[in-house]
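Working through the structure, step by step
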Amino acid sequence: MHDDGLFDEKIAATYDDDKGISAPEVIEPAVDLLAELAGGGRALEFAIGTGRIALPLARKGVQVEGIELSRPMVSRLRAKEGGAEISVAIGDMATTDVARRFSLVYLVFNTINNLTSQDAQLACFRNAAAHLEPGGHFLIEVGVPPLQRLPVGETILAFDHGETHWGVDEYDVVNQNFSSHHIWLRDGSYERFSVPFRYAWPAEFDLMARLAGLRLKERWGGWKKELFTQVSDKHVSVWQKVEG
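The protein chain carries the name Class I SAM-dependent methyltransferase in an unreviewed UniProt entry, which gives Phyllobacterium zundukense as its organism.

See below:
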């Protein structure tokens, strides 16, 4: 790992090409819900990246700031219309302090899992709480661990297979870690990229929130406030900072 984390210039250059995360039908419900939760106040995005969420949220009139470890990702944000107006602190979302308070802190698209220890994830919750005004909200979007699909004794689950991309997750259920392995076929050559993660169940995130002075307010199965059920593959959870 280098100073910019896993998301170096090569990854940043193609990050927005993934229509699964950048299509309007994906972005718009997320931005609508975040604007609602901001309630006219300021919002802070942990791991703001290329601004795929922050920029349309700012266009809705929300004052957005960000924290981001990867300078190449921030360079992509800066190159977009309106990107130069968004304040971004370079650093780790679990420890970086921007010295302001917000009505909303949010962390999307499984990025909480990039913190690969329980201590780091708890520190992230505490950092979010420290940046919130009393009564403010912390939101995360993250997948539900798909361990029901993992046969007993097996460690590998495929999540994508096509003509130019293959993806598999490799699970360590003892230590609650997994790695996502990607293989791309580009210009006749194969490229591999692996990312380490730590998964957690919703109940564990709720405990982290309580330790940080937050209480669960809402949990949905998606950005359109879908019901969270036993078959939901992700959750959008909102915790509120306890006043007083």
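Scanning the model with the defined rule gives seven salt bridges in all. One salt bridge connects E141 with K234, and the closest N-O pair in it is separated by 2.9 Å. Linking E141 in strand β5 (residues 132-143) with K234 in strand β11 (residues 234-241), this pair joins segments that are 93 residues apart in sequence. Overall, K234 belongs to the partly exposed group, its relative accessible area being 24%. With a closest N to O distance of 3.0 Å, E191 and R186 form a salt bridge. Given a relative accessible area of 23%, E191 falls into the partly exposed group. For R186, a relative accessible area of 29% corresponds to the partly exposed category.

Moving on: the packing of aromatic side chains. Per the counting criterion, the structure on display carries eleven aromatic pairs. Between F178 and F197 the ring centres are 5.0 Å apart and the planes differ by 25 degrees, which places this aromatic pair in the stacked class. Separated by 19 residues along the polypeptide, F178 in strand β8 (residues 177-186) and F197 in strand β9 (residues 189-198) bring together distant segments of the chain. Note on accessibility: F178 and F197 belong to one class, buried. A connected cluster of aromatic rings, assembled from ring pairs, spans F46, F125, F138, F205 and W239. Between the NZ or CZ atom of R52 and the centre of the ring of F109, over which it lies, the distance is 5.4 Å. Its end group placed over the ring of W184, R186 keeps NZ or CZ at 4.6 Å from the ring centre.

Moving on: the layout of surface pockets. Space inside the second largest pocket adds up to approximately 160 Å³. Every residue lining the second largest pocket is listed: D16, S22, I27, E28, V31, G51, R52, L55, P56, R59, K80 and E81. Of all the elements in the fold, those that place two or more residues in the lining of the second largest pocket are α3 (24-38) and α4 (54-59).

Looking now at unusual backbone geometry. Of note, the phi angle at D187 is positive, near 55 degrees, even though the residue is not glycine. Looking at the secondary structure, you find D187 in the loop between β8 and β9. Phi at K225 is positive, roughly 60 degrees, even though this residue is not glycine. Assignment of secondary structure puts K225 in the loop between β10 (214-220) and β11.

Moving on to the sheet that holds strand β3 (residues 87-90). In space, the seven strands of this open sheet follow the order β3-β2-β1-β4-β5-β11-β10, with mixed pairing throughout. Both outer strands of the open sheet, β3 and β10, are each paired with one neighbouring strand and no more. Between one strand and the next, the sheet's axes are offset by a mean angle of 20 degrees, whatever the strand orientation. The sheet contact formed by strand β4 (residues 102-107) and β5 spans five bridges and is parallel. Paired with F102 across the bridge in β5 is L132. Strands β5, β10 and β11 of the sheet are contacted by helix α7 (residues 202-211), whose axis makes an angle of about 150 degrees with β10.

Reading guide: rules and limits
- Residues numbered from 1 in each chain as written.
- Predicted model: local features only at pLDDT ≥ 70, side-chain atom pairs only at ≥ 80, totals over all residues.
- Heavy atoms only, no water.
- Salt bridge = Lys/Arg side-chain N within 4 Å of Asp/Glu carboxyl O.
- Helix = DSSP H or I, 4+ residues; strand = E, 2+ residues; numbered from the N terminus.
- Buried < 20%, exposed > 50% of the residue type's maximum accessible area, 1.4 Å probe, protein only.
- Phe/Tyr/Trp six-rings, centres within 6.5 Å; stacked < 30°, edge-to-face > 60°.
- Lys NZ or Arg CZ within 6 Å of the ring centre and 35° of its normal.
- 1 Å grid on protein atoms, 1.4 Å probe; cavity = no way out; pocket = protein on both sides within 12 Å on 5 of 7 lines; lining within 4 Å.
- Points joined across faces, edges and corners; volume = space filled by probe spheres on them.
- Pairing = 2+ DSSP bridges.
- Axes fitted to C-alpha atoms, helices over the stretch in contact; angles between N-to-C directions.
- Contact = heavy atoms within 4.5 Å.

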